[in-house]
Amino acid sequence: MNSSSMSLTLSVRVPATSANLGPGFDCLGLALQLYNSFTITLDRPFAIHVTGESADSLPKTADNVVMRSLRGALAAAGVALDDLPSFALHLDNQIPVSSGLGSSASAIVGGLVLANGLLARFVPKSVLTRERLLELATEMEGHPDNVAPALCGGGVLAFHDRAGLRTAAVPIPDSLRFVAATPDFALSTEMARRVLPDAYRRADAIENVAQCARLMLALAKPDLDLLRGGIVDTFHEPYRKRLVPGADEVERAAIAAGAYAVTLSGAGPTLLAWCKPEVATAVADEMTLAWRNVGIPCRALVLKPVYGETLPQWGMEENDAIPVNEV
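Treat the numbers as computed from the prediction; the structure is a model and nothing was measured. (Residues numbered from 1 in each chain as written. Predicted model: local features only at pLDDT ≥ 70, side-chain atom pairs only at ≥ 80, totals over all residues. Heavy atoms only, no water.)

**Student:** Where do I start with the packing of aromatic side chains in this structure?
**Tutor:** Centre distance and the angle of the planes are the two values used to describe a pair of aromatic rings. The full count for this structure, using the stated rule, is four aromatic pairs. Their ring planes at 70° and their centres at 5.0 Å tell us that Phe-178 and Trp-274 sit as a pair that is edge-to-face. Remark: Trp-274 occurs in strand S9 (residues 271–275) and Phe-178 occurs in strand S7 (residues 177–183); sequence separation between them is 96 residues. Both residues of the pair, Phe-178 and Trp-274, count as buried. Between Arg-121 and the ring centre of Trp-314, over which it is positioned, the NZ or CZ distance is 4.8 Å. (Phe/Tyr/Trp six-rings, centres within 6.5 Å; stacked < 30°, edge-to-face > 60°. Helix = DSSP H or I, 4+ residues; strand = E, 2+ residues; numbered from the N terminus. Buried < 20%, exposed > 50% of the residue type's maximum accessible area, 1.4 Å probe, protein only. Lys NZ or Arg CZ within 6 Å of the ring centre and 35° of its normal.)

**Student:** What is the right way to look at the environment of Pro-312 in this model?
**Tutor:** Of note, Pro-312 is situated in the loop between strand S10 (298–303) and strand S11 (313–318). Note on Pro-312: relative accessible area 29%, which makes it partly exposed. Between the alpha carbons of Pro-312 and Leu-112 there is a distance of 9.9 Å; along the sequence they are 200 residues apart. Discounting chain neighbours no more than four positions away, the residues touching Pro-312 are Leu-10, Ser-11, Val-113 and Gly-117. (Contact = heavy atoms within 4.5 Å.)

**Student:** Is there a simple way to think about the packing of helix H1 (residues 65–76) against helix H3 (residues 130–141) in this case?
**Tutor:** Between two packed helices, both the angle of their axes relative to each other and the distance between the axes serve to describe the pair. Contact geometry of H1 with H3 gives a least axis separation of 11 Å together with a crossing angle of 130°. By the criterion of interaxial angle, the relationship of H1 to H3 is oblique. With respect to the hand of their crossing, H1 and H3 are arranged in right-handed fashion. Only Arg-132, Leu-136 and Met-140 of H3 make contact with H1, whose side of the interface consists of Ser-69, Gly-72, Ala-73 and Ala-76. In terms of residue class, the contact of H1 with H3 is made up of four nonpolar, two polar and one charged. (Axes fitted to C-alpha atoms, helices over the stretch in contact; angles between N-to-C directions. Parallel < 35°, antiparallel > 145°, perpendicular 65-115°, else oblique. Left-handed = near helix turned anticlockwise from the far one by under 90°. Nonpolar A, V, L, I, M, F, W, Y, C, P; charged D, E, K, R; others polar.)

Here it is, written out as structure tokens:
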């Protein structure tokens, strides 16, 4: 194949994330081995093609979240989209939408990192720092617990101090596997936010502090047996689980199959079981069966943590490799 039949591409692959991790409400998150991929093919008429999860329902216009995020990053760098070459965008989604696995965060981070890749090639003096990308992602998402691990990889604690928004890596032992059990219904983050109280009792706040310290200690030592008995949360799980039919039965099934603990992934409805590798498959099977026993189809995935920053990659592709839908 001669060079004239190839097009320049820019790609980014963004991991799924599980936010909160029980008591770390809006500040803890974890990147998991499930991805959405975003590819720009340069010098093509603008178009968006979507494959995978929710391919038929996601917008294929400039209002797509990836495009909004990309334009936001360019604007923050003082660069207009019209100043760059035209392109077609291909989204391949493996993260289910409205599931509590960070699909919106992946779209936001994907757009920001794509924009930074374009800046690096065409306007290198305007490239944004990772810290600035995280600030932009947090502004767009509203909180950092999903976007921080999607951008930085691994386990992440996000917090504010006099220096602004900062992150710190949370150690995730190699001996942990995570079973993400996703029932066949969506739960919007907006709805899950509405059920939360405006204020909490002092006793509940104290308990949440203790549980978060317990979680950090279990991961840092590591001593995963400290997780047994359930990672108790008082800030969001008691309220959100009421929106997830079968959640208690599924959690009990996971624990009986050998899981250390089960947390609500983000706002739900996905439940995340924390397991030894040798019991993870059995835990996935039992969680799936428990949900089916209450009449809800479910799929369960055994996932490893993902490490490393999300970065753009340049490549070449055949001109007709990506079909597009003209807008």
